[in-house]
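Examining the three-dimensional arrangement
Read off the chains here:
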Amino acid sequence: MPTAGKAALRQQLLAARRSVADNARADEARALAEHIRGLVSSGGTVCAYVPVGAEPGSIEMLDALLGRAGRVLLPVARTGADDTPLALQWGEYRPGHLVAGRFGLLEPAKPWLPPSALAEADVVLVPALAVDRSGVRLGRGRGFYDRSLEHRDPQARLVAVVRDEELVDELPCEPHDVRMTHALTPRRGLVALDTSQW
């Protein structure tokens, strides 16, 4: 699909998210936090993210992850001198110690770890506007995660966190896209995606 088509799809999905009532969004965030118990093994490392705006999830989800896993790493987004997105750096999640970052994001305080720290995670929660049943993820289009996921452990579960309506039958795919192995939704919980098509 041409870039213009993906841009229109992103706008449509973002508008749908913004139209969700605050109480429904809070209910979905609680449900996602409840599903964490079955997602993460005790004592492992998980990479997650701090939701911004209408993104699914919450700080409570991060707290649930930290209570279950031994370590939660959060992304730090930076660009090069020409504004090209760089692979994400990572910092340890410590409740109450998030700081304002670029792009309106909350980030972990320093010290930060290099992009290669992603390889320590056995589960990576990835923000997405939508994901399809074969694992194709539609992000916001800047490419931070596309540049970062090459550093992952090949055995790690890549989990797109989306609303139930954002798990769709098919999305446009490009050669550089890294496919997700699972989706996490409020009503369905953890959904294995069809990796046989890769």
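Computed from a predicted model, the values in this text were never measured in an experiment.

Reading guide: rules and limits
Residues numbered from 1 in each chain as written. Predicted model: local features only at pLDDT ≥ 70, side-chain atom pairs only at ≥ 80, totals over all residues. Heavy atoms only, no water. 1 Å grid on protein atoms, 1.4 Å probe; cavity = no way out; pocket = protein on both sides within 12 Å on 5 of 7 lines; lining within 4 Å. Points joined across faces, edges and corners; volume = space filled by probe spheres on them. Helix = DSSP H or I, 4+ residues; strand = E, 2+ residues; numbered from the N terminus. Nonpolar A, V, L, I, M, F, W, Y, C, P; charged D, E, K, R; others polar. UniProt positions renumbered as here; feature names shortened; annotations may be inferred. Buried < 20%, exposed > 50% of the residue type's maximum accessible area, 1.4 Å probe, protein only. Contact = heavy atoms within 4.5 Å. Polar contact = N/O pair within 3.5 Å; in protein donor to acceptor, adjacent residues only side chain to side chain. Core = buried A, V, L, I, M, F, W, Y, C linked by side-chain atoms within 4.5 Å. Pairing = 2+ DSSP bridges. Axes fitted to C-alpha atoms, helices over the stretch in contact; angles between N-to-C directions. Arc of directions from axis to C-beta.

Below, the discussion takes up the layout of surface pockets. Considering only enclosed or pocket space, the largest pocket measures out at about 760 Å³ in volume. Mapped by element, the contributors of at least two residues to the lining of the largest pocket are α1 (3-18), β8 (137-138) and α4 (144-148).

What follows covers empty space enclosed by the protein. Throughout the structure, instances matching the rule amount to 1 cavity of 30 Å³ or more. In this structure, the largest cavity occupies an estimated 50 Å³ of space. Lining of the largest cavity is provided by R25, E28, A29, L32, A54, E55, P56, G57 and R163. For the lining of the largest cavity, the class distribution of residues is 4 nonpolar, 1 polar and 4 charged.

In this model, K110 is joined to P111 through a cis peptide bond whose omega is 10°. Along the chain, P111 turns up in the loop between β5 (106-108) and β6 (123-127). The residue D83 is not glycine, and still its phi comes out positive at about 70°. Structurally, D83 can be placed in the loop between β2 (71-76) and β3 (89-92).

As a further point, take the UniProt feature "binding site: substrate" (unreviewed entry) in the protein chain. The positions UniProt marks with the feature "binding site: substrate" (unreviewed entry) are V50 and E55. Set against the largest cavity, the annotated residues that line it come down to E55. For V50, a relative accessible area of 9% gives the class buried. Discounting chain neighbours no more than four positions away, the residues touching V50 are E55, I59, L62, L74, L98 and L106. Engagement of the side chain of E55 in a polar contact is seen with the backbone nitrogen of V52, the distance being 3.0 Å.

Before going further, it helps to examine the nonpolar core. Counting 45 residues, the largest nonpolar core has L65 and L125 as the members making the most contacts within it. Looking at this core, the elements with two or more residues in it are α2 (22-35), β1 (45-47), α3 (59-68), β2, β6, α4, β9 (157-161) and β11 (182-185). Filtering out sequence-adjacent residues up to four positions away, L65 remains in contact with I36, V40, V46, A48, V72 and L125. Membership of the second largest hydrophobic core comes to 6 residues, among which are L13, L129, L138 and L171.

A few words on the sheet that holds β9. Read from one edge of the open sheet, 7 strands run β3-β2-β1-β6-β9-β11-β12, paired in mixed fashion. In this open sheet, the two strands that pair with only one neighbour each are β3 and β12 (189-192). The sheet shows a mean angle of 30° between the axes of neighbouring strands, direction not considered. The strands touched by α2 are β9, β11 and β12; relative to β11, the strand with the most contacts, the crossing angle is about 130°. Here α3 sits on the sheet in contact with β1, β2 and β6, set at roughly 140° to β2.

The subject of this paragraph is the sheet that holds β8. On the basis of which strands lie adjacent, the open sheet formed by 3 strands has the order β8-β7-β10 and mixed pairing. Taken across any chain shown, the strands that pair with only one partner, and hence form the sheet edges, are β8 and β10 (167-168). Where strand β7 (residues 130-132) lies against β8, 2 bridges are found, and the strand directions are antiparallel. Within β8, the residue paired with A130 across the bridge is L138.

A few words now on α3. Each full turn of the α-helix corresponds to 3.6 residues, which orients residues three or four apart in the same direction. Taken together, the buried positions of α3 are occupied by M61, L62 and L65. Looking down the long axis of α3, one finds its buried residues gathered within 100° of arc, a one-sided arrangement. The exposed residues of α3 that point more than 90 degrees off its buried face are E60 and G67. Buried residues along α3 sit in contact with α2, β1, β2 and β6. Where α3 begins, the capping side chain belongs to S58, and its oxygen is found 3.3 Å from the backbone nitrogen of E60.

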